[in-house]
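Commentary on secondary and tertiary structure
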Amino acid sequence: MAKYKIVHDREECVGDGICATLCPDNWEMAEDGFADPLTVELDDLGCNMDAAENCPTQCIHIIDTSTNKCIVHEDCKYSK
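This section reports on the structure supplied with the text. (Residues numbered from 1 in each chain as written. Predicted model: local features only at pLDDT ≥ 70, side-chain atom pairs only at ≥ 80, totals over all residues. Heavy atoms only, no water.)

1. A look at the nonpolar core
Formed by 17 residues in total, the largest nonpolar core has its most connected members in I6, C19, W27, A51, I60 and I62. Looking at this core, the elements with two or more residues in it are β1 (4–8), α1 (18–22), α2 (48–54) and β5 (60–64). Every residue in contact with I60, bar those within four places of it in the chain, is listed here: I6, V7, H8, C19, W27, A51, A52, C55 and H73. (Core = buried A, V, L, I, M, F, W, Y, C linked by side-chain atoms within 4.5 Å. Buried < 20%, exposed > 50% of the residue type's maximum accessible area, 1.4 Å probe, protein only. Helix = DSSP H or I, 4+ residues; strand = E, 2+ residues; numbered from the N terminus. Contact = heavy atoms within 4.5 Å.)

2. Examining the side chain of H8
Within the secondary structure, H8 is located in strand β1. Residues within four places of H8 in sequence aside, it is in contact with C13, W27, A35, P37, C59 and I60.

3. So, the pairing of β5
In terms of residue burial, β5 counts as a mostly covered element, since five of its five residues are buried. Judged by which residues are buried, β5 turns out to be covered on both faces: I60, I62 and D64 on one side and H61 and I63 on the other are all buried. Of the strand pairs in this sheet, β1 and β5 are connected by five bridges, and their pairing is antiparallel. Bridging from a neighbouring strand, Y4 pairs with D64 of β5. When β5 meets strand β6 (residues 69–70), the two strands line up antiparallel, connected through two bridges. If you follow I63 over to β6, its bridge partner there is C70. (Pairing = 2+ DSSP bridges.)

4. What about the sheet that holds β6?
Strand order in the open sheet formed by four strands is β4-β1-β5-β6, with antiparallel pairing between adjacent strands. Both edges of this open sheet fall to β4 (41–42) and β6, since each of them pairs with a single strand only.

5. So, the side chain of D9
Relative to the helices and strands, D9 resides in the loop between β1 and α1. K77 provides the closest opposite charge to the buried, unpaired D9, separated from it by 4.1 Å. Looking at D9, its side chain comes within polar contact range of the side chain of Y78, at 2.3 Å. Setting aside residues up to four positions removed in sequence, D9 forms contacts with C59, H61, K77 and Y78. (Lys, Arg positive; Asp, Glu negative; His and termini not counted. Salt bridge = Lys/Arg side-chain N within 4 Å of Asp/Glu carboxyl O. Polar contact = N/O pair within 3.5 Å; in protein donor to acceptor, adjacent residues only side chain to side chain.)

6. Digging into the state of the cysteines
A covalent bond between the sulfur atoms of two cysteines is what we call a disulfide. By the definition in use, this model includes two disulfides. Disulfide partner of C23: C47, at an S-S distance of 2.1 Å. An S-S torsion of about 65° defines the bridge between C23 and C47 as right-handed. Linking C23 in the loop between α1 and β2 (27–29) with C47 in the loop between β4 and α2, this pair joins segments that are 24 residues apart in sequence. Judged by its relative accessible area of 1%, C23 falls in the buried class. Taking relative accessible area as the criterion, C47 reaches 21% and is therefore assigned partly exposed. Through a disulfide, C70 is tied to C76; the S-S separation comes to 1.6 Å. Judged on exposure class, the residue C70 and its partner C76 are both buried. Sequence-ordered numbering of the bonded cysteines in the protein gives a pairing of 1-2, 3-4. We note that C19 lacks a disulfide partner, and the nearest cysteine sulfur, in C13, lies 6.2 Å from it. The cysteine C55 is free of any disulfide, with C59 supplying the nearest cysteine sulfur at 3.7 Å. (Disulfide = S-S within 2.5 Å.)

As structure tokens, then:
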């Protein structure tokens, strides 16, 4: 099992592209102008933490799979 899981609230995305700019290895801008992660299960966060922390709508959440808690935006609805 991967150490981290990315949850992207695509409905909250405004398409500013900061995630794709800061983390082009894992984020791309889709044809509709909104972001998509290339992978959602990771062992190494790499630049994904920067993408999540700098997202203006805070629609990128990173879950620690060992605790099922968000490590970015700790009050996110995905923490159990």
